[in-house]
Amino acid sequence: MPTVYFVVPCYNEEEVLPETVKRLTKKLNGLMAAGMADEASRMLFVDDGSRDKTWEIIAAYTETNKYVAGVKLSRNRGHQNALLCGLMTAKEHCDCAISLDADLQDDIEVIDQFLEKYQEGCEIVYGVRSSREKDTVFKRSTAQGYYKFMKALGVDIVYNHADYRLMGKKALDALAEYREVNLFLRGIVPLIGYRCDYVYYERNERFAGQSKYPLTKMLKFAVDGITSFSVKPLKIISNLGIVICFLSIIGFIYALVSFFMGSAVAGWASTICSIWFLGGLQMLCIGIVGTYVGKIYSEVKHRPRYRIETTIINKE
Ligand code: UDP
Ligand code: MG
């Protein structure tokens, strides 16, 4: 029987935690009774530097419920870093880890299928949303457009899969070797390889509290996903540069010909237009190149991605 760890990043989740602990405990008990998880299995909550009572609640549960374990980060590091911290902590104790959000928007009933696939020998099982009916039109269209855009840029991500997945010990060990600072886990995991499979589920609405992913964070996450995994934007710039150079040569020849034919008119408007156009274009290009340079900068610093303040894991 495998030791299963649920890894749950939490940021200001005091409203949902009691219910989440209740539901996950029930699930874990069910799995243990069914012989799908052993007694050493745990729910590991990672407090991502919350400003509310999240950590106090987690710490209190660890006293009364031996299946609850907690890790507290020294400050808010964002969902991806908190999740990575949880997975790396779980790795030392488990056979497989299942990552899920604290709000239980992802249907926990499919965990059985995750574990069945794991028993069949899959190292990674992706939870994939079968529909997005419960999303707002805006979220649905932007998210789906984004997945398609990523594919077009040559990034290998699983369509409609977020961070609800099972990873076995081998996959977790592999994940530990990706040392990048700009974390985009759903881009890294497919790079790991090993046998994998997919489980389809319906995503629910948050049962309490607010989304911790405002539009600004979501945009940053989207840009990170592209610039961390694809160099196509750089190629597009180079190609654009080549095309513009070619066009300007034609323009230059045209100007020369009309000069020698005596029909040239001093074209202030066209000059000023091209200066503005090229100036803008150059700035855009420099900006994109700068994004990559910025990333190189943060990667070479090799800063630690998180620092644990306290770890509580109950043993028997
Ligand atoms: N989260 C986190 N750190 C952050 C933001 C979010 O650990 O800085 C956690 C949050 O507690 C939740 C998960 O990431 O467990 C997903 O967040 P949320 O449900 O708010 O995102 P949404 O489902 O709206 O995309
Ligand atoms: Mg959510």
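Heads up: the structure comes first, above all this text.
Since the structure is predicted, the reported quantities are computational estimates derived from the model, not experimental observations.

1. So, the overall build of the chain
Here is step 1: Along the chain, the regular secondary structure elements total ten helices and eight strands.
Here is step 2: Relative to its length of 316 residues, the chain is extended, with a C-alpha radius of gyration of 25 Å against a globular reference of 20 Å.
Here is step 3: Seen through its C-alpha atoms, the chain measures out along the principal axes to roughly 95 × 40 × 40 Å.
Here is step 4: A fraction of 83% describes how many contacts in the chain between residues 6 or more apart in sequence connect residues 24 or more apart.
Here is step 5: Accessible surface computed for the chain: about 16700 Å², of which carbon and sulfur atoms make up 62%.
Here is step 6: In the chain, which carries 39 positive and 36 negative side-chain charges, the distance between the mean positions of the two groups comes to 6 Å.

2. So, the site of ligand 1
Here is step 1: Within the structure, ligand 1 sits among 19 residues, and Glu13, Asp48, Asp103, Ser211 and Lys212 are positioned closest to it.
Here is step 2: Contacts to ligand 1 include aspartate 103, whose side-chain N or O atom sits 2.5 Å from an oxygen atom.
Here is step 3: Relative to its unbound accessible surface of 530 Å², ligand 1 loses 95% to contact with the protein.
Here is step 4: In the shell around ligand 1, the residues fall into five nonpolar, five polar and nine charged.

3. Some remarks on unusual backbone geometry
Here is step 1: Of note in this structure, leucine 104 is not a glycine but carries a positive phi near 50 degrees.
Here is step 2: The exposure class assigned to leucine 104 is buried, which follows from its relative accessible area of 6%.
Here is step 3: Backbone geometry places asparagine 160, a non-glycine residue, at a positive phi of 60 degrees.
Here is step 4: Residue placement: asparagine 160 occurs in the loop between helix 5 (137-152) and strand 6 (161-168).
Here is step 5: What makes asparagine 160 buried here is its relative accessible area of 6%.

4. Notes on the packing of aromatic side chains
Here is step 1: All chains considered together, the criterion is met by seven aromatic pairs.
Here is step 2: Their ring planes at 40 degrees and their centres at 5.0 Å tell us that phenylalanine 114 and tyrosine 164 sit as a pair that is tilted. Separated by 50 residues along the polypeptide, phenylalanine 114 in helix 4 (residues 111-119) and tyrosine 164 in strand 6 bring together distant segments of the chain. The pair phenylalanine 114 / tyrosine 164 is uniform in exposure class, with both members buried.
Here is step 3: Taking 4.9 Å as the distance between ring centres and 50 degrees as the angle between the ring planes, the aromatic pair formed by phenylalanine 184 and phenylalanine 221 counts as tilted. Residue phenylalanine 184 is found in the loop between helix 6 (169-176) and helix 7 (185-192), and its partner phenylalanine 221 is found in helix 8 (residues 215-229); the two are separated by 37 residues along the sequence. Phenylalanine 221 matches phenylalanine 184 in its accessibility class, with the two residues each being buried.

5. Section: a nonpolar patch on the surface
Here is step 1: The grouping of Val243, Phe246, Leu247 and Ile250 at the surface amounts to a nonpolar patch, some 410 Å² of accessible area in total.
Here is step 2: According to the relative accessible area criterion, isoleucine 250 is partly exposed, its value standing at 45%.

6. What about the packing of helix 6 against helix 7?
Here is step 1: Between helix 6 and helix 7, whose axes approach to 10 Å, the crossing angle comes to 115 degrees. Considering how the two elements wind past one another, helix 6 and helix 7 form a crossing that is right-handed. Across the interface between the two elements, Ala171, Ala174 and Leu175 of helix 6 pack against Leu185, Ile188 and Ile192 of helix 7.
Here is step 2: Of the residues contributing to the contact of helix 6 with helix 7, the split by class is six nonpolar, no polar and no charged.

7. A short note on helix 4
Here is step 1: Along helix 4, the residues that are buried comprise Ile111, Phe114, Leu115 and Tyr118. Projected onto a plane normal to the axis of helix 4, the buried residues spread over an arc of 90 degrees and lie on a single side.
Here is step 2: Buried-residue contacts for helix 4 involve strand 1 (4-10), helix 1 (17-33), strand 4 (96-99), strand 5 (124-129), strand 6 and strand 7 (196-201).
Here is step 3: Positive phi shows up at glycine 121, right after helix 4, with a value of about 110 degrees.

8. Details of the sheet that holds strand 7
Here is step 1: The eight strands lie next to each other as 7-5-6-4-1-2-3-8, forming an open sheet whose pairing is mixed. The sheet terminates laterally at strand 7 and strand 8 (308-312), the two strands that pair on one side only. Strand after strand, the sheet turns through a mean of 20 degrees between neighbouring axes, direction not considered.
Here is step 2: The pairing of strand 1 with strand 2 (residues 42-47) spans six bridges and is parallel. Residue pairing across strands places valine 8 opposite phenylalanine 45, the latter belonging to strand 2.

9. With respect to the environment of tyrosine 200
Here is step 1: If you trace the backbone, tyrosine 200 turns up in strand 7.
Here is step 2: Sequence spacing of tyrosine 200 and histidine 161 is 39 residues, and the spatial spacing of their C-alpha atoms is 9.4 Å.
Here is step 3: The contacts of tyrosine 200, once residues within four sequence positions are left out, are Val110, Val128 and Ser130.

So, how was this worked out
- Residues numbered from 1 in each chain as written.
- Chains lettered and ligands numbered in written order.
- Predicted model: local features only at pLDDT ≥ 70, side-chain atom pairs only at ≥ 80, totals over all residues.
- Heavy atoms only, no water.
- Helix = DSSP H or I, 4+ residues; strand = E, 2+ residues; numbered from the N terminus.
- Rg over C-alpha atoms; globule rule 2.2 N^0.38 Å.
- Contact = heavy atoms within 4.5 Å.
- Areas by Shrake-Rupley, 256 points an atom, 1.4 Å probe, with all protein chains shown as cover.
- Lys, Arg positive; Asp, Glu negative; His and termini not counted.
- Charge placed at Lys NZ, Arg CZ, Asp CG, Glu CD.
- Near = heavy atom within 4 Å.
- Polar contact = N/O pair within 3.5 Å; in protein donor to acceptor, adjacent residues only side chain to side chain.
- Nonpolar A, V, L, I, M, F, W, Y, C, P; charged D, E, K, R; others polar.
- Buried < 20%, exposed > 50% of the residue type's maximum accessible area, 1.4 Å probe, protein only.
- Phe/Tyr/Trp six-rings, centres within 6.5 Å; stacked < 30°, edge-to-face > 60°.
- Patch = residues over 30% accessible without salt bridge, like charges linked within 9 Å, V, L, I, M, F, W, Y side chains within 5 Å.
- Salt bridge = Lys/Arg side-chain N within 4 Å of Asp/Glu carboxyl O.
- Axes fitted to C-alpha atoms, helices over the stretch in contact; angles between N-to-C directions.
- Left-handed = near helix turned anticlockwise from the far one by under 90°.
- Arc of directions from axis to C-beta.
- Pairing = 2+ DSSP bridges.

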